[in-house]
Amino acid sequence: MDRRGFLASAAALSLSPRVSFSQGRPTRLRLAAARQSLVGAAHPPTEVWAYNGTVPGPALRYVQGERLRIEVENALDVETTVHWHGIRLPNAMDGVPHLTQPPIAAKGGRFVYEFQLPDAGTFWYHPHFGSPEQVGRGLYGALIVEERNPPPVDRDLVWVLSDWRLDRQAAISGDFASAMDASHAGRIGNTVTVNGAVVDSFAVRAGERLRLRLINASSARIYGLSFEGHAPRIIALDGHAVEPHWDGRVVLGPGMRADLLLDCAAKPGSAHRVIDGFYRQRAYELLKLQYGGEKPLREAFMPFARLPPNPVPVPALSGAQRHRIVFGGGMMGAMPAQSQHRGLFWTVNGVAVPEHHHQHSPILTLRRGQSYVLELVNDTAWHHPIHLHGHAFRAGAAGAWGDSILLDPNSRAEIAFVADNPGDWMLHCHVLEHQATGMMAVVRVA
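**Student:** What's the story with the side chain of Gln101 in this structure? I'm lost.
**Tutor:** Relative to the helices and strands, Gln101 resides in the loop between β5 (83–85) and β6 (109–116). In this structure the side chain of Gln101 is engaged in a polar contact, spanning 2.7 Å, whose partner is the side chain of Tyr113. The residues contacting Gln101, other than those within four sequence positions of it, are Thr81, Gly95, Val96, Phe111 and Tyr113.

**Student:** Sorry, what's going on with the sheet that holds β6 here?
**Tutor:** In a beta sheet, neighbouring strands pair by backbone hydrogen bonds and run either parallel or antiparallel. Here we have 4 strands laid out as an open sheet, ordered β2-β1-β4-β6, and mixed in their pairing. Each edge of the open sheet is held by one strand with a lone partner, namely β2 (46–51) and β6. Going from strand to strand, the sheet's axes swing by 25 degrees on average, the running direction of each strand aside. Of the pairings in the sheet, the one linking strand β4 (residues 67–74) to β6 comprises 8 bridges and is antiparallel in character. Pairing of Ile70 across the sheet is with Tyr113, part of β6.

**Student:** In this structure, what is going on with the sheet that holds strand β18 (residues 271–276)? I would like to understand it.
**Tutor:** Sheet architecture is open: 5 strands sit in the order β11-β19-β18-β13-β16, paired in mixed fashion. Of all strands in the sheet, those bounded by a partner on one side alone are β11 (201–204) and β16 (250–252). Along the sheet, successive strands turn relative to each other by an average axial angle of 25 degrees, direction set aside. In this structure, strand β13 (residues 223–227) lies alongside β16, joined through 3 bridges in antiparallel fashion. Residue pairing across strands places Leu225 opposite Val250, the latter belonging to β16.

**Student:** Looking at this model, I keep getting lost on the environment of Ala197. Mind explaining?
**Tutor:** Residue position: Ala197 is located in the loop between β10 (191–194) and β11. Each C-alpha atom, one on Ala197 and one on Gly40, is 7.6 Å from the other, the two residues being 157 residues apart in sequence.

**Student:** Is there a simple way to think about the packing of aromatic side chains in this case?
**Tutor:** For any pair of aromatic rings, the description consists of the separation of the ring centres together with the inter-plane angle of the planes. With the rule as written, the count across this model stands at 9 aromatic pairs. Between the aromatic rings of Trp84 and Tyr125, the centroid separation amounts to 5.6 Å while the plane-to-plane angle is 40 degrees, which identifies the pairing as tilted. Of this pair, Trp84 sits in strand β5 while Tyr125 sits in strand β7 (residues 121–126), and the two are 41 residues apart along the sequence. Per residue, the accessibility class of Trp84 equals that of Tyr125, and both read buried. Grouping aromatic residues by their ring pairs yields a cluster made of Tyr51, Trp84, Phe111, Tyr113, Phe115 and Tyr125. One residue, Arg137, lies across the ring of Trp49, its end atom 5.3 Å from the ring centre.

**Student:** I keep staring at empty space enclosed by the protein and nothing clicks. Help me out?
**Tutor:** Any empty space left between the atoms is revealed when a probe the size of a water molecule rolls over them. In this structure the tally under the stated criterion is 2 cavities of 30 Å³ or more. The computed volume of the largest cavity comes to approximately 60 Å³. In terms of lining residues, the largest cavity is bounded by Gly136, Asp163, Trp164, Arg165, Ile172, Arg187, Ile188, Gly189 and Ser219. Residue classes in the lining of the largest cavity are distributed as 3 nonpolar, 3 polar and 3 charged. Space inside the second largest cavity adds up to approximately 50 Å³. If you trace the second largest cavity, you find it lined by Ala120, Gly121, Glu147, Arg211, Ala236, Gly239, His240, Ala241, Leu307, Pro308 and Asn310. When the residues that make up the lining of the second largest cavity are grouped by side-chain class, the tally is 5 nonpolar, 4 polar and 2 charged.

**Student:** What exactly am I supposed to notice about the environment of Ala32 here?
**Tutor:** Tracing the chain through its elements places Ala32 in strand β1 (residues 28–36). A C-alpha to C-alpha distance of 29 Å links Ala32 and Met439, two positions 407 residues apart in sequence. Not counting chain neighbours up to four residues away, the residues in contact with Ala32 comprise Val48, Trp49, Ala50, Ala75 and Leu76.

**Student:** Can you walk me through the layout of surface pockets in this structure?
**Tutor:** Taken as a whole, the second largest pocket spans an internal volume of roughly 410 Å³. Lining the second largest pocket are 19 residues, with Leu237, His245, Val251, Met256 and Ala400 positioned closest to its centre. Those elements that place two or more of their residues in the lining of the second largest pocket are β14 (233–237), β16, β26 (393–395), β27 (401–402) and β28 (404–407). In terms of residue class, the lining of the second largest pocket is built from 12 nonpolar, 3 polar and 4 charged.

Thresholds, definitions, all that
Residues numbered from 1 in each chain as written. Predicted model: local features only at pLDDT ≥ 70, side-chain atom pairs only at ≥ 80, totals over all residues. Heavy atoms only, no water. Helix = DSSP H or I, 4+ residues; strand = E, 2+ residues; numbered from the N terminus. Polar contact = N/O pair within 3.5 Å; in protein donor to acceptor, adjacent residues only side chain to side chain. Contact = heavy atoms within 4.5 Å. Pairing = 2+ DSSP bridges. Axes fitted to C-alpha atoms, helices over the stretch in contact; angles between N-to-C directions. Phe/Tyr/Trp six-rings, centres within 6.5 Å; stacked < 30°, edge-to-face > 60°. Buried < 20%, exposed > 50% of the residue type's maximum accessible area, 1.4 Å probe, protein only. Lys NZ or Arg CZ within 6 Å of the ring centre and 35° of its normal. 1 Å grid on protein atoms, 1.4 Å probe; cavity = no way out; pocket = protein on both sides within 12 Å on 5 of 7 lines; lining within 4 Å. Points joined across faces, edges and corners; volume = space filled by probe spheres on them. Nonpolar A, V, L, I, M, F, W, Y, C, P; charged D, E, K, R; others polar.

Below is the structure:
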């Protein structure tokens, strides 16, 4: 399809202080069908499902410690919920149908979500009911929780990355129940958008400093972004501070987020590609960083200090209890027999759990306040971004905090955390087609 871009708003001329988001912040999310131009004027608008009429939905911005209160109205013909991805919240507010709440009824159902925001960072919201289709049709949005004293930058920006499977008329393909997708890598689309549109270029000014918040809202696509001529620093992963670093690219599985500090140090008038090269034989240009002709805003950049940590309890590894969880199945693996488990292609510890997982017993029952180490084993030929609700964990003995970890094919990793949040919590692959066809489980903190 032809690419049609847009230019971002003009660069700010000074480093921005913290602002108040309370005025003008949405207090209601309404789910309904809408039409949006995803690929530009050369093609018809696409019929989508949207929060408040746009894809992505409105960016909800708060300050750490504030209380979120959102009334959700469902005008769609299907039931839904809203999951607040990455937030350590009360179990009743987690948005998992039948497990933590009844589904929000179709054609007018309402539900009020209300909870404190203990952690600063980049989070997002999306349905947890019929997720492959509802997210695949556009139901997602950014939830940004500012630090109480955020670092000074010229612009604080969000790029919500998503992909779509469109036909030549820019209509969404309805094959959400494809067994081929579900048993392989998931539903990978043919059109990638940034903030709901195919983008040719993104305007920057020489000498400006950007905080770029990346959210992977795709059902299955993994991104591996490199920035030609630039060396941004990763300053947070899944909302949690990390030592600023750059290894040549940032890799995001579905559901994962990263905050980048991007110093625009190239020459005025120059252009530099942002390349998604995660799939080696299918690298493509996501967009160009297009420098304006203005003189540089500054010639040198101040050093950047690490972001403050969030108040997450640190696991005591010496006394931690250990458990092993094996993710199996899929094509080229030990897929469940379809004669007995029709439509289920994946397993957790040998068990294939259908999407109505509340009917099954928890895979683990953990004691509140106890430290745990989970060995996660990927015994399949496919990538799996494993996501734990309601908690933040540390990857490895002293790795980065997060709520998701991307498991390579036939690999294993360890996560450590304190089971400090009581309730029944989902542990699942965030390739949504894998989640819906067996790769999910419930962990109980009692």
